[in-house]
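Given next are the chains, with one letter for each unit.
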Amino acid sequence: MSSLKHLNHSIKLQRMQGKDSVRQCELSLNLLLYSVKKQTQKHPFGTTIGVTLATIIFAKYRKKMKSLYPIASLGVNYFRQSRS
């Protein structure tokens, strides 16, 4: 019976750690989006040029840089949301 309690306790700790890490990821993502939004508002033309160039480069070399392609996709999606 004691081992079952110990197992339940360790499962609860892992769940709490998982929830904490998810919360931390959400906070860092919101901070990133906030800073990107502020920079976009300050420098809309430069941001548009930067996102366009990065998207073209990532789209052209997506097979060589598979790990960076989702970042370009997120940039395009953010740009679409901010324009509508």
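This text follows the structure it describes.
Residues numbered from 1 in each chain as written. Predicted model: local features only at pLDDT ≥ 70, side-chain atom pairs only at ≥ 80, totals over all residues. Heavy atoms only, no water.

Participant: Even after reading the chapter, I still don't get the overall build of the protein chain, so can you show me in this structure?
Facilitator: Within the protein chain one finds 3 helices and 0 strands. Summing over all exposed atoms, the protein chain offers an accessible surface of approximately 7,700 Å²; the carbon and sulfur share of this is 63%. (Helix = DSSP H or I, 4+ residues; strand = E, 2+ residues; numbered from the N terminus. Areas by Shrake-Rupley, 256 points an atom, 1.4 Å probe, with all protein chains shown as cover.)

Participant: What exactly am I supposed to notice about a nonpolar patch on the surface here?
Facilitator: Taken together, the side chains of Phe45, Ile49, Leu53, Ile57 and Tyr61 present a nonpolar region at the surface, about 510 Å² in accessible area. The residue Phe45 is located in helix H2 (residues 44–60) in this model. (Patch = residues over 30% accessible without salt bridge, like charges linked within 9 Å, V, L, I, M, F, W, Y side chains within 5 Å. Salt bridge = Lys/Arg side-chain N within 4 Å of Asp/Glu carboxyl O.)

Participant: What is the right way to look at the environment of Tyr78 in this model?
Facilitator: Within the element layout of this structure, Tyr78 appears in helix H3 (residues 69–83). Excluding its chain neighbours within four sequence positions, the residues that come into contact with Tyr78 are Leu33, Val36, Lys37 and Thr40. (Contact = heavy atoms within 4.5 Å.)

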